Each structure stands twice: as C-alpha cells, then as structure tokens.
Amino acid sequence: MDGVLGSSLPVFLGLTVLVFGGCGVLTGQTLAEGWKPLSSAIAYSILLGLGDRFLVWGLFGGQLLSVYGFVVHTLVIGAITLTTYRISIARRMVSQYPWLYERSGPFGWRERVGGTLAQ
C-alpha cells in the first residue's frame, strides 16, 4: 500500500482525506461562489496535491517524488474539490435565479416549467 500511496494508510486518510479534503471543500465552495471556471478548480486541486505531497514528506517521512502517490492523492483531493464545486454551482444557480431554474438532484438544475416564479 505504501508504494501506491507514497505514504501509510493512516497518513493518507488523516492528512489527504481529512485535512486537504477539507481544504478542497472550502476551495470548491469559494470558487463556485465567485463564478470561477472549472479549470480554476482543477488548477487549485493540483496545487493542493503538491502541498499534500510536501507535508507527507516533511511530517511523516513519505516519499517526496512518488509519482503514483502524487497522482492518487491529487485525484482524491480533486474529486472532493470538483464535487463540492458542482454542488455549490447548482445551489448558486437555483438560489440566484429562482424564477428560471429549479433543482434537479444534488449536482444539477433544470429550467423551471413556464419560466415563472412559483409561489
């Protein structure tokens, strides 16, 4: 497991999933609230992955230049960030334009039938 992750499982769960996953949640929400493009969320996920890799190495003695570890950690952080981004964008579209859109699941929205505000 250490070869694939570049760190031990407790370090992966604690640092990557909890700490940097939490940073990914906040990043996704902030980018969505500012109407930033999806590419910004991807770029910030890569930066969070670099920070995570550095702290795994600096605090826990993991492999700094582990390509597989970097890819796995960054994909997990990116999935958390992009999921939060999409949920926040859907929430923002429905709350900002309630006369045009209604929720269609946790990740999407659809046009309101008739395009009028239902009260």
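Quantities reported herein were computed from a predicted structural model and do not represent experimental measurements.

Rules behind the numbers
Residues numbered from 1 in each chain as written. Predicted model: local features only at pLDDT ≥ 70, side-chain atom pairs only at ≥ 80, totals over all residues. Heavy atoms only, no water. Helix = DSSP H or I, 4+ residues; strand = E, 2+ residues; numbered from the N terminus. Rg over C-alpha atoms; globule rule 2.2 N^0.38 Å. Buried < 20%, exposed > 50% of the residue type's maximum accessible area, 1.4 Å probe, protein only. UniProt positions renumbered as here; feature names shortened; annotations may be inferred. Salt bridge = Lys/Arg side-chain N within 4 Å of Asp/Glu carboxyl O. Phe/Tyr/Trp six-rings, centres within 6.5 Å; stacked < 30°, edge-to-face > 60°. Expected span 1.5 Å × (residues − 1). Polar contact = N/O pair within 3.5 Å; in protein donor to acceptor, adjacent residues only side chain to side chain.

## A few points about the overall build of the protein
Assigned secondary structure in the protein consists of four helices and two strands. Starting at the N terminus and walking to the C terminus, you meet the elements of the protein as α-α-α-α-β-β. In summary, the protein has a C-alpha radius of gyration of 18 Å against a globular reference of 14 Å for 119 residues, an excess of more than 25%. Taken over 119 residues, the protein has a buried fraction of 33%.

## Things to note about the UniProt feature "transmembrane region" (unreviewed entry) in the protein
In the UniProt entry, the feature "transmembrane region" (unreviewed entry) is given for residues 12-32, 41-60 and 66-85. This span, residues 12-32, is 100% helix and 0% strand, and a straight line between its end C-alpha atoms measures 27 Å.

## What to know about the pattern of salt bridges
The final tally for this structure, using the stated rule, is four salt bridges. In this structure, Glu33 engages Arg92 in a salt bridge whose closest nitrogen and oxygen atoms are separated by 2.8 Å. Placement of Glu33 in helix α2 (residues 9-33) and of Arg92 in helix α4 (residues 67-96) is noted, with a sequence separation of 59 residues between them. Residues Arg110 and Glu102 are paired through a salt bridge, measuring 2.9 Å at the closest nitrogen-oxygen approach.

## Here we look at the environment of Tyr68
Along the chain, Tyr68 falls in helix α4. Residues Tyr68 and Leu55, 13 residues apart in the sequence, show an inter-C-alpha distance of 16 Å.

## Some words on the packing of aromatic side chains
For the structure on display, the rule yields three aromatic pairs. Between Phe54 and Trp57, the aromatic rings sit 5.6 Å apart at their centres with planes inclined by 50°, giving tilted as the arrangement. Here Trp57 and Phe54 lie together in helix α3 (residues 38-60), a separation of three residues that amounts to about one turn. When its relative accessible area of 47% is taken as the criterion, Phe54 is described as partly exposed. Judged by relative accessible area, which is 40%, Trp57 ranks as partly exposed. With a centroid separation of 5.8 Å and 80° between ring planes, the pair formed by Tyr97 and Trp99 is classed as edge-to-face.

## Some details on α4
Look at α4: 42 Å from first C-alpha to last across 30 residues, which is about the 44 Å you get at 1.5 Å a residue. Its side-chain oxygen placed 3.0 Å from the backbone nitrogen of Gly69, Ser66 serves as the N-cap of α4.

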